[in-house]
Every structure is written in structure tokens, then in C-alpha cells.
Amino acid sequence: MRKNIIIYGLIAGIVVSVLMLISVNSISHREGNFDYNRSLLIGYASMLIAFSLVYVGIRNYRDKYNGGVINFGKAFKIGIMIVLIASTIYVVAWLIDYFFFIPDFAEKYSAHMHDQLRASGASQVEIDKQTKEMADMATMLNNPFYNAMMTYVEILPVGLVVTLISSLILKRKSAKK
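Residues numbered from 1 in each chain as written. Predicted model: local features only at pLDDT ≥ 70, side-chain atom pairs only at ≥ 80, totals over all residues. Heavy atoms only, no water.

Asker: Explain helix 5 (residues 124-141) residue by residue, including any values.
Answerer: A rise of 1.5 Å per residue sets the reference length of helix 5, with its 18 residues, at 26 Å; its end C-alpha atoms lie 25 Å apart and thus fit the reference within 8%. Turning to helix 5, its buried residues are Ile 127, Met 134, Ala 138 and Leu 141. The buried residues of helix 5 occupy an angular sector of 60° when the element is viewed end-on, so they sit on one face. Exposed positions of helix 5 whose direction lies more than 90 degrees from the buried face are Val 125, Lys 129, Lys 132 and Thr 139. Of the surrounding elements, those touching the buried residues of helix 5 are helix 3 (72-101), helix 4 (105-120) and helix 6 (144-170). (Helix = DSSP H or I, 4+ residues; strand = E, 2+ residues; numbered from the N terminus. Expected span 1.5 Å × (residues − 1). Buried < 20%, exposed > 50% of the residue type's maximum accessible area, 1.4 Å probe, protein only. Arc of directions from axis to C-beta. Contact = heavy atoms within 4.5 Å.)

Asker: Any chance you could break down the layout of surface pockets for me, citing the residues and the numbers?
Answerer: In this model, the largest pocket occupies a volume close to 910 Å³. Only helix 1 (2-28), helix 2 (36-65), helix 3, helix 4, helix 5 and helix 6 provide two or more residues apiece to the lining of the largest pocket. Sorting elements by how many residues they give to the lining of the largest pocket places helix 2 first, with eight residues. Split into classes, the residues belonging to the lining of the largest pocket amount to 21 nonpolar, eleven polar and one charged. (1 Å grid on protein atoms, 1.4 Å probe; cavity = no way out; pocket = protein on both sides within 12 Å on 5 of 7 lines; lining within 4 Å. Points joined across faces, edges and corners; volume = space filled by probe spheres on them. Nonpolar A, V, L, I, M, F, W, Y, C, P; charged D, E, K, R; others polar.)

Asker: Explain the pattern of salt bridges to me, using residue names and the numbers behind them.
Answerer: Note that side chains of opposite charge can pair when their charged atoms are close. Scanning all chains against the criterion turns up three salt bridges. One salt bridge in this structure joins Asp 63 and Arg 62, with 2.7 Å as the shortest N-O distance. The buried category is assigned to Arg 62, whose relative accessible area is 6%. (Salt bridge = Lys/Arg side-chain N within 4 Å of Asp/Glu carboxyl O.)

Asker: Outline the nonpolar core, listing residues and values.
Answerer: One finds Met 47, Phe 51, Val 54, Ile 58, Ile 78 and Trp 94 to be the most contacted residues of the largest nonpolar core, which totals 36 residues. For this core, the secondary structure elements donating two or more residues are helix 1, helix 2, helix 3, helix 4, helix 5 and helix 6. For this core, the element with the highest residue contribution is helix 3, accounting for eleven residues. In this structure Ile 58 touches Ile 70, Ala 75, Ile 78, Gly 79, Ser 166, Ser 167 and Leu 170, once residues within four positions along its chain are discounted. (Core = buried A, V, L, I, M, F, W, Y, C linked by side-chain atoms within 4.5 Å.)

Asker: Describe the packing of helix 2 against helix 6, and please don't skip the residues or the numbers.
Answerer: Here helix 2 crosses helix 6 at 35°, and the two axes come no closer than 9 Å. Where helix 2 crosses over helix 6, the handedness of that crossing is right-handed. Together, Tyr 44, Met 47, Leu 48, Phe 51, Val 54, Tyr 55, Ile 58, Arg 59 and Arg 62 of helix 2 and Glu 154, Ile 155, Val 158, Gly 159, Val 162, Thr 163, Ser 166, Ser 167, Ile 169 and Leu 170 of helix 6 make up the contact between the two elements. Looking at side-chain class alone, the contact of helix 2 with helix 6 contains twelve nonpolar, four polar and three charged residues. (Axes fitted to C-alpha atoms, helices over the stretch in contact; angles between N-to-C directions. Left-handed = near helix turned anticlockwise from the far one by under 90°.)

Asker: Account for the packing of helix 2 against helix 3, with residues named and values stated.
Answerer: The interhelical angle for the contact between helix 2 and helix 3, taken along N-to-C directions, is 145°, at an axis separation of 9 Å. Helix-helix and strand crossings are classified by hand; for helix 2 and helix 3 the assignment is right-handed. Between helix 2 and helix 3, the residues in contact are Met 47, Phe 51, Leu 53, Val 54, Gly 57, Ile 58 and Tyr 61 and Lys 74, Ala 75, Ile 78, Gly 79, Ile 82, Val 83, Ala 86, Ser 87 and Tyr 90, respectively. Split by residue class, the contact of helix 2 with helix 3 holds twelve nonpolar, three polar and one charged.

Asker: Tell me what's going on with the packing of aromatic side chains, and back it up with residues and numbers.
Answerer: A complete count under the given rule lists five aromatic pairs for this structure. Seen from their ring centres, Trp 94 and Phe 105 are 5.6 Å apart, and the 85° between their planes marks the pair as edge-to-face. Taken together, the positions of Trp 94 in helix 3 and Phe 105 in helix 4 put the pair eleven residues apart, joining distant regions of the chain. A single burial state applies to Trp 94 and to Phe 105, both of which are buried. (Phe/Tyr/Trp six-rings, centres within 6.5 Å; stacked < 30°, edge-to-face > 60°.)

Structure, rendered in C-alpha cells:
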């Protein structure tokens, strides 16, 4: 079981990290306006693509190593361990990218949000409030521990949902004949 979890966790982690790095670096090195909402959709889609390996990993274990039988608890354990490995790789990749290659990402995103507020016709009080919140967030993101925790909060819920769905779909009390 351990080998199965490690293999699928590493592959999922590499897939989601590579897709995130491509997306984030294309944003950070682009001049002018960028569609952050589209990037967000691409990011979550890449998580779903990578976490499809949770389903594959659980099914592989059930069919090849467990005689075609698996209960919800065992399936969930396998899935969540794959998700934890993949998420940790994602977090480490993000931290390396953020602190060494795109340390101005928070400032660029803050400027984008500021421009969005101005374009929407927000009041100066609202703009000032949002500007302070974004500055506080940028300061907190410069703390590696806080940054890592926020990145886990971004990816783990997606993995949890995929694990729950996969475990429910794949649970089987007796082998099919």
C-alpha cells in the first residue's frame, strides 16, 4: 500500500506543481493586464487533473493488491495520503517559486486588485480599506510558515473532495466475478 501511495502522490504532486508553476510564472513575467480569474480556473482545473490520480491509485490498490475489495475507510486513507504527498510537493514548489523567482507576486496581485476596485467605481474609503488589507496580506505572505499554511488551505479542500468521491465510488465489499 505504501508504494502505491508514494508513486501516485509523487506523480500527482509533480503534475499539479508543474501546471501551477507554468501558470504563475506566465502571470508574473507578463506586462500589462492579466486575467487572474482565468488563471484561478486553470489552477483549480489542474488540481482536479492531478487529483484524478487519487481515483487511479485507490482503484489500482483495490484491484491489484487487495483482491478487488476495499472498504470506504481504507480507500479514504489511501486517497488522503496521496493528497497529502501531492499537496506537500505543491506547497514546496510554490514556496520556492514565490521566495526565489517571483517575490513581487503579492505586490503585482495587490496592484491588480486596486485597479479592479477603481474600475468598478468603488469609493475611496473602500479602496483604502482593500489596499490596507492587501498590504497586510502581502506582509503575512512573506512569512514562509504562514505562506505554506495558506497554500495548503488552497489545495487540500480540493483533494479532500476528490478523495471522498473516489472512496465512495470505489468501495466494494466483495470481489466481482
